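# An overview of the molecular structure
For reference, the chains in residue letters:
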2 protein chains.
Amino acid sequence: MPAKTNDPNKKTWLTVSENSDFPIQNIPFGVFLTRDDIITIGTRIGDYAIDLGALHQLGYFEGIPLTDDIFLQDTLNDFISDGKKTWRSVRNRIGEIFDIRNDILQNNEDHKKAVLFSMEEVEMKLPVQIGDYTDFYSSKEHATNVGSMFRDPENALLPNWLHLPVAYHGRSSTIVPSGTPVRRPLGQTYPKGANTPLFGPSKLVDFELEMAFITTDANALGEPIPLEEAEDYIFGLVLFNDWSARDIQKWEYVPLGPFLAKNFASTISPWIVTLDALEPFRVQSPKQDPEPLPYLRQYGEHSFDITLEVDLTPNNGIPTTVTRSNFKHMYWTMAQQMAHHTINGCKVNSGDMMGSGTISGPSPDSYGSLLELSWQGTKPVKLKDGSERKFIEDNDTVTLRGYCQKEGIRIGFGEASTQLLPALEYKRK
Amino acid sequence: MPAKTNDPNKKTWLTVSENSDFPIQNIPFGVFLTRDDIITIGTRIGDYAIDLGALHQLGYFEGIPLTDDIFLQDTLNDFISDGKKTWRSVRNRIGEIFDIRNDILQNNEDHKKAVLFSMEEVEMKLPVQIGDYTDFYSSKEHATNVGSMFRDPENALLPNWLHLPVAYHGRSSTIVPSGTPVRRPLGQTYPKGANTPLFGPSKLVDFELEMAFITTDANALGEPIPLEEAEDYIFGLVLFNDWSARDIQKWEYVPLGPFLAKNFASTISPWIVTLDALEPFRVQSPKQDPEPLPYLRQYGEHSFDITLEVDLTPNNGIPTTVTRSNFKHMYWTMAQQMAHHTINGCKVNSGDMMGSGTISGPSPDSYGSLLELSWQGTKPVKLKDGSERKFIEDNDTVTLRGYCQKEGIRIGFGEASTQLLPALEYKRK
């Protein structure tokens, strides 16, 4: 059980600033390159990156069944594959090692030198090799906004939407960690008034505020995962910015869905926050009406109260928080998404990623994309530097943040931050 | 250059039956489990599986820059990553080793014992770890048939179809090699006349006759692959059966495209036939009108004359060939598909797979799915055992075959064969 590790009164002997996303109650997992150019699996407390490979070699995980090289890898896939019991044992042990009442590592300067890095010394990498990435479309507010804009406000939701968590497959190869700049994509569009499709840089690049969960091996081909087991196969969550080119999307997406409008890049936060760490922040998800079919029926608290924010920062460095939303607005829960995804026997592997879809809240200042915030460009968003945005401009940086807060404890996700670079010059030889 | 290896007069010292798909001019690549339960990369001539790991250890690839363990792996990804020059050198060398005029291996019984297996002794595996899988929709006849059935025969093609190769992302985790049985999927449907969605086994399971190509690492994130370079990054092709559940698809696919209707399984043939082996069978692709945008404009012969057939075999074992089509019917070429896929900077990796979409020919007996062959069930397909099919029934086996033939040489793909098992009994606890 994670209860002891989640104890809000627990303190660490490491220095943690008051508003840190990473108190000793968090203990996320990630992959980083150390100052010695060694890649390792690690965790974070405050502004310290902790090398779990080194901790393991020094014997701090004795008694937990782990292979010798489990943390000396460039992805978390094998560790995630070890299953929930192992993740929990390791997280609890880390909680003990850094507990203020534990002086073993605290008093060992050599060990501390081998294990502790400042966050400034390390370079965060993609935490998993993502096998398959699926993106859901599970915020009712977002689906309603998009349906109102592009179809009919009276029938904004399509007939299937309230009966199943609509989703589509995305591209794994272009998911990048926070800090990796992204180029404005080139592509085909067919703007109003044109007589023929045009080629050039997308003019309507947008962010999408999402979260994504990472799974472990869960089933054999052909076997559904029952809803009541689904959460056991979720390792943790990250922030997810599903970059979108609205003008490319509009022209390409019928009848098979979004493709190049989405697959040029998606940005994730590099630390995976475990479901165990989020346990204290469970809340009820929105009431579902009509009641779903039995394989999707769920009782109890299966959502999480995670505050989400997006900053837009032009090249001048003056940030504006353009939206504030919350993960709890999601109509379909992660367990429902996973039960639906596998009801046909679809196989889920360790390191697969499932995005929530854009998380819009009920009020216009809580929408999860510029498309909605600027209502298709009709209501430009005002920035603090006096400029306006209908969509993202070259060299703008978009930063997603997320955190839970309760009883003085803040469990956060850090950030998923990306600068949009200008499009490449493209000329066919 | 592959010219010498492709020479139609070339003979091998191995026994090859007259109508074999695998003469010495083919030399495909695959992964198999040997009689000693060792997994290795191999090739095939006639009914011999050839262990390339053993050949390499015995020094037969001397002079070609290969790492020691390049063939002692359970996927071809690293070998494919070595690039076209290396694939070509290895294929040419294999052609020399098994040439009837070369007696080195031919006269070495010990080496032959280590290297040669009969196909019956080995178990074929998935040849690559598929990172991302994309499915195109590039047969004009198929898109027209589907558009006529579901929309309007007068406007069967959607406005974007003639301007870009429409595609969507599929699921990698459920691509299986020939011989792996597949379960009829469970899911939600909303049949005509129902008042609410229903749950149960799909009633409209279908095959889709496709081919897929496998790529190597081709570009950095953000960099398009120019059309004229695209073929250099294609390792080879396989047969591809994109299993589909039409009733699930109809209810789920708006607005984000097919999801559970497709991702329960796809079947591939296990031997990857290289683009070099297909070189003699190049043909012009259909004339494109309107002319595409410059980044998609292509001249010369960029399609291949590959005869395709599908057998449907009920549990009684009596097969019926239900369709005969050809890869050359594809409106968009593989190079155009790849240039389009990466025009926005989408990264392509070694082992990625790109499906053609259902390949329907112009005549009703050349359609690539039962949906089209039975025209939505209105014209049941007659089988040789006297039964009829509107869609696939439990325990039916679907077998795709493909081959090129010219000047007495036949380069084939073997088969992609799959039995459909009955659905699981599913009851929510």
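Just so we're clear, the structure is a prediction, and the values are computed from it rather than from any experiment. (Residues numbered from 1 in each chain as written. Chains lettered and ligands numbered in written order. Predicted model: local features only at pLDDT ≥ 70, side-chain atom pairs only at ≥ 80, totals over all residues. Heavy atoms only, no water.)

### Overview of the UniProt feature "domain: Fumarylacetoacetase-like C-terminal" (unreviewed entry) in chain A
- Within this numbering scheme, the UniProt entry marks residues 134-402 of chain A as carrying the feature "domain: Fumarylacetoacetase-like C-terminal" (unreviewed entry).
- Annotated as 14% helix and 28% strand, the span residues 134-402 of chain A places its first and last C-alpha atoms 21 Å apart. (UniProt positions renumbered as here; feature names shortened; annotations may be inferred. Helix = DSSP H or I, 4+ residues; strand = E, 2+ residues; numbered from the N terminus.)

### Some remarks on the packing of aromatic side chains
Residues and elements named next belong to chain A.
- Using the criterion set out here, one finds 36 aromatic pairs over all chains in the structure.
- Judged by centre distance (6.2 Å) and plane angle (90 degrees), the rings of Phe79 and Phe235 are edge-to-face. A residue pair is termed long-range when its members are at least 10 positions apart, and Phe79 in helix α3 (residues 77-81) and Phe235 in strand β14 (residues 234-241) qualify at 156 residues.
- For Phe79, a relative accessible area of 0% corresponds to the buried category. (Phe/Tyr/Trp six-rings, centres within 6.5 Å; stacked < 30°, edge-to-face > 60°. Buried < 20%, exposed > 50% of the residue type's maximum accessible area, 1.4 Å probe, protein only.)

### Brief notes about the relation of the copies chain A and chain B
- Mapping chain A onto chain B is achieved by rotating through 180 degrees and translating by 0.0 Å along the same axis, at an RMSD of 0.0 Å. As the rotation angle and translation indicate, the two copies are arranged about a two-fold axis. Distance from the rotation axis, computed per C-alpha, reaches its smallest value in chain A at Gly257 of chain A: 2.2 Å.
- Take the interface residues of chain A: 100% of them recur as interface residues in chain B, which is what a same-surface contact looks like. (Least-squares fit on C-alpha atoms with pLDDT ≥ 70 in both. Contact = heavy atoms within 4.5 Å.)

### Quick notes on a negative patch on the surface
Residue and element names in this part refer to chain A.
- Taken together, the side chains of Asp68, Asp69, Asp78 and Asp82 present a region of like negative charge at the surface.
- Looking at the element boundaries, Asp78 is found in helix α3.
- By relative accessible area, Asp78 is classed as partly exposed at 41%. (Patch = residues over 30% accessible without salt bridge, like charges linked within 9 Å, V, L, I, M, F, W, Y side chains within 5 Å. Areas by Shrake-Rupley, 256 points an atom, 1.4 Å probe, with all protein chains shown as cover. Salt bridge = Lys/Arg side-chain N within 4 Å of Asp/Glu carboxyl O. Lys, Arg positive; Asp, Glu negative; His and termini not counted. Charge placed at Lys NZ, Arg CZ, Asp CG, Glu CD.)

### Examining the UniProt feature "binding site: Ca(2+)" (unreviewed entry) in chain A
Residue and element names in this part refer to chain A.
- What UniProt calls "binding site: Ca(2+)" (unreviewed entry) maps, in this numbering, to Asp135, Glu208, Glu210 and Asp242. These residues run over 108 residues, yet every pair of their C-alpha atoms falls within 11.4 Å of each other.
- Relative to the helices and strands, Asp135 resides in strand β6 (residues 133-136).
- Not counting the four nearest positions on each side in its chain, Asp135 is found in contact with Ala167, Tyr168, Glu210, Asp242, Gly355, Ser356 and Gly357.
- Within the element layout of this structure, Glu210 appears in strand β13 (residues 209-215).
- Taking relative accessible area as the criterion, Glu210 reaches 0% and is therefore assigned buried.
- In this structure Glu210 touches Asp135, Leu239, Phe240, Asp242, Gly355, Ser356, Gly357, Thr358, Ile359 and Leu400, once residues within four positions along its chain are discounted.

### Things to note about the interface of chain A and chain B
- Listed by partner, the interface residues are 65 residues for chain A and 66 residues for chain B.
- The tally of links from chain A across to chain B stands at four salt bridges.
- A salt bridge links Arg171 of chain B to Asp352 of chain A; its shortest N-O distance comes to 2.7 Å.
- Linking chain A with chain B are 30 residue pairs in polar contact (both at pLDDT 80 or more), by the criterion used here.
- Counting residues per element, the ones that place at least two in the side of chain A that touches chain B are β7 (167-169), β10 (186-189), β11 (198-201), α7 (227-230), α8 (246-252) and α10 (334-342) of chain A. (Polar contact = N/O pair within 3.5 Å; in protein donor to acceptor, adjacent residues only side chain to side chain.)

### What about the nonpolar core?
- Counting 153 residues, the largest nonpolar core has Leu278 and Phe327 of chain A together with Leu278 and Phe327 of chain B as its most contacted members.
- Dropping the residues within four chain positions of it, Leu278 of chain B is found in contact with Leu237, Val273, Phe304, Ile306, Cys404, Ile411 and Phe413 of chain B. (Core = buried A, V, L, I, M, F, W, Y, C linked by side-chain atoms within 4.5 Å.)

### Notes on the pairing of strand β25 (residues 397-406) of chain A
Residue and element names in this part refer to chain A.
- Summarising burial for β25: seven of the ten residues are buried, a large majority.
- For strand β20 (residues 307-313) and β25, the ladder comprises seven bridges, and the chain directions are antiparallel. Paired with Val310 across the two strands is Leu400, which belongs to β25.
- Taken together, the nine bridges between β25 and strand β26 (residues 409-421) define a ladder with antiparallel strand orientation. Within the sheet, the bridge partner assigned to Thr399 lies in β26 and is Ser417.
- Counting the residues that bridge the hairpin from β25 to β26 gives two residues, and of these Glu407 lies at a positive phi of roughly 50 degrees. (Pairing = 2+ DSSP bridges.)

### Looking at the domain arrangement of chain A
Residues and elements named next belong to chain A.
- The domain architecture assigned to chain A consists of domain 1 (4-124) and domain 2 (133-421).
- Taking only C-alpha atoms into account, the centre of domain 1 sits 29 Å from that of domain 2.
- Between domain 1 and domain 2, the contact holds 28 residues from the first and 31 residues from the second.
- Linking domain 1 to domain 2 there are two salt bridges.
- The salt bridge involving Arg88 is made with Asp276; its shortest N-O contact spans 2.8 Å.
- Counting every contact that joins domain 1 to domain 2 gives eleven residue pairs in polar contact (both at pLDDT 80 or more).
- Elements that contribute at least two residues to the side of domain 1 that touches domain 2 include exactly β1 (30-33), β2 (39-45), α3 and α4 (84-97). (Domains from an automatic or database assignment.)

### Section: the side chain of Arg282 of chain B
Residues and elements named next belong to chain B.
- Along the chain, Arg282 turns up in strand β18 (residues 282-283).
- For Arg282, a relative accessible area of 18% translates into the label buried.
- A polar contact is formed between the side chain of Arg282 and the side chain of Glu231, at a distance of 2.6 Å.
- Among the polar contacts listed, one links the side chain of Arg282 to the side chain of Glu279, at a separation of 2.6 Å.

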